[in-house]
Amino acid sequence: MKRNITILLAITIFVFAGCKKKEAVTAGDQKFTIRTQQVHTQEVEQTYEYTAIVEANAVNNIAPLTGGRIDKIYVEVGDRVNKGKVLVQMNENSLKQSKAQLDNLKASFKRIDELYKVGGCSKSDWDAMKTQLDVAQTTYDNLMENTQLVSPISGVITQRNYDSGDLYGGLPVVQVQQITPVKMNINLSENLFKKVKVGTPVSIKVDAYGDEEFHGKVSLIYPTMDGSTHTFPVEVQLANTDSRVRPGMYARVTINFGTEKHVVVPDEAIFRQQGSGNRYVYVYKDGKVSFNQVEIGRHLDNAYELLTGNVQDGDMVATTGLARLKDGLEVNVEKK
């Protein structure tokens, strides 16, 4: 009797479980209802904005090649200097000694040169004296260059690390920066590599001057790309003839590449895959949705332009329930 009850109970449980499983399958077969929106192509202005720090066009640290006493510094921080201006006078003792030696060698060479012309000395003697003279001349020229330190550029003095009379100790005596023009470095994405050219105009806004707009141009395009970010460096130059923009200021650089026709989709149609950063759009057609990876561009109010992806003008795209959709899923569309 107990055995029969046990068998009956087992059969009952089996039948109940089978019915429950059948109900779950039926519920899963119900079509999911979504909302859709038709998308279209439109002209989209291709403007890109980048942040940058203003830099001097050139920076020169003025210092002698060897140590010695600084006799006189002729400039102060903030002074404007022209190319070739003497900035620092180092002690001249070594230079005077070199000059005396050079003068003696010039006199000796003059005598041996006259003898050589009349056959009074050998070619080897003449060559030896000429070598000594050349070495002395080079030594004197180097000492001259490192006794009177001149500015190689026109610019402004931004550092002074010594006073007149100090012994040179390794730091630059002064620093001069060329701020007319100034430059900024930005990184452009790979898809812009063929569009940007040297001379491409740019607009620049500097935080210190609010919404005032300055006009510059692309001055240098680096030939290599960063493999990890797929960007390439571009140098932008601003003439800065009035010297209002200074190195270290925070700037925003805008480049306009004109307009292009692109499909534009609403914000809510963009599905962002967690953990990858990829973007997708579900296109609805013939009762099903298809999964399309896209690259988005500019944000336009409540929509995005699509730079790449299999989404065409006039397509219907899903705008609700994106997290529950999958490629090829049959769906219903909510009637408006």
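Up top is the structure.
In this report, we go over the structure that sits alongside the text.

Conventions we followed
Residues numbered from 1 in each chain as written. Predicted model: local features only at pLDDT ≥ 70, side-chain atom pairs only at ≥ 80, totals over all residues. Heavy atoms only, no water. Axes fitted to C-alpha atoms, helices over the stretch in contact; angles between N-to-C directions. Helix = DSSP H or I, 4+ residues; strand = E, 2+ residues; numbered from the N terminus. Parallel < 35°, antiparallel > 145°, perpendicular 65-115°, else oblique. Left-handed = near helix turned anticlockwise from the far one by under 90°. Nonpolar A, V, L, I, M, F, W, Y, C, P; charged D, E, K, R; others polar. Salt bridge = Lys/Arg side-chain N within 4 Å of Asp/Glu carboxyl O. Buried < 20%, exposed > 50% of the residue type's maximum accessible area, 1.4 Å probe, protein only. Core = buried A, V, L, I, M, F, W, Y, C linked by side-chain atoms within 4.5 Å. Contact = heavy atoms within 4.5 Å. Polar contact = N/O pair within 3.5 Å; in protein donor to acceptor, adjacent residues only side chain to side chain. Pairing = 2+ DSSP bridges.

Quick notes on the packing of helix H2 (residues 93–117) against helix H3 (residues 123–145)
The relative placement of two packed helices comes down to the angle between their axes together with the axis-to-axis distance.
Phase 1 of the analysis: Running from amino to carboxyl end, H2 crosses H3 at an angle of 155 degrees, the nearest separation of the two axes being 9 Å. Compared by their axis directions, H2 and H3 come out roughly antiparallel. Between H2 and H3 the crossing geometry is left-handed.
Phase 2 of the analysis: Classifying every residue of the contact of H2 with H3 gives 13 nonpolar, six polar and six charged.

Considerations on the pattern of salt bridges
Phase 1 of the analysis: Tallied over the entire structure, the rule returns 12 salt bridges.
Phase 2 of the analysis: The closest approach of N and O atoms between Lys31 and Glu330, which form a salt bridge, is 3.8 Å. Note that Lys31 is positioned in the loop between helix H1 (2–28) and strand E1 (32–34) and Glu330 in the loop between strand E19 (316–318) and strand E20 (331–333), a separation of 299 residues in sequence.
Phase 3 of the analysis: Classification of Lys31 by relative accessible area gives partly exposed; the value is 43%.
Phase 4 of the analysis: Through salt bridges with shared partners, a single ionic network connects Glu76, Arg160 and Asp163.

A word on the nonpolar core
Phase 1 of the analysis: Within the largest apolar cluster, 27 residues are counted, with the highest numbers of intra-cluster contacts made by Met184, Ile186, Leu188, Ile204, Val245 and Val253.
Phase 2 of the analysis: Of all the secondary-structure elements, those providing two or more residues to this core are strand E3 (40–53), strand E10 (174–189), strand E11 (201–206), strand E12 (213–221), strand E13 (231–238) and strand E14 (250–266).
Phase 3 of the analysis: Considering each element in turn, this core owes the most residues, five residues, to E10.
Phase 4 of the analysis: Look past the residues within four positions of Leu188 in its chain and what remains in contact with it is Tyr50, Val196, His230, Thr231, Phe232, Val234 and Ile255.
Phase 5 of the analysis: Counting residues in each nonpolar core, the second largest holds 16 residues, with Ile62, Ile70, Leu149 and Tyr168 among its members.

Some remarks on the side chain of Asn146
Phase 1 of the analysis: Relative to the helices and strands, Asn146 is located in the loop between H3 and strand E8 (148–150).
Phase 2 of the analysis: Side-chain polar atoms of Asn146 contact the backbone nitrogen of Leu65, separated by 2.7 Å.
Phase 3 of the analysis: If we ignore the near neighbours within four places in the chain, the residues touching Asn146 are Ala63, Pro64, Leu65 and Met90.

Section: the environment of Ile73
Phase 1 of the analysis: Assignment of secondary structure puts Ile73 in strand E5 (residues 70–73).
Phase 2 of the analysis: Relative accessible area serves as the criterion here: at 5%, Ile73 is assigned to the buried category.
Phase 3 of the analysis: Along the backbone, Ile73 and Tyr162 are 89 residues apart, and their C-alpha atoms lie at a distance of 8.2 Å.

Description of the sheet that holds E5
Phase 1 of the analysis: With antiparallel pairing, three strands are arranged side by side in an open sheet as E5-E7-E8. In this open sheet, the two edge strands, each paired with only one partner strand, are E5 and E8. Averaged over all adjacent pairs, the angle separating strand axes in this sheet is 20 degrees, with direction ignored.
Phase 2 of the analysis: Direction of pairing for strand E7 (residues 86–90) relative to E8: antiparallel, over a ladder of three bridges. Opposite Gln89, over in E8, you have Gln148 as the bridge partner.

The values are spatial; any link to function lies outside them.
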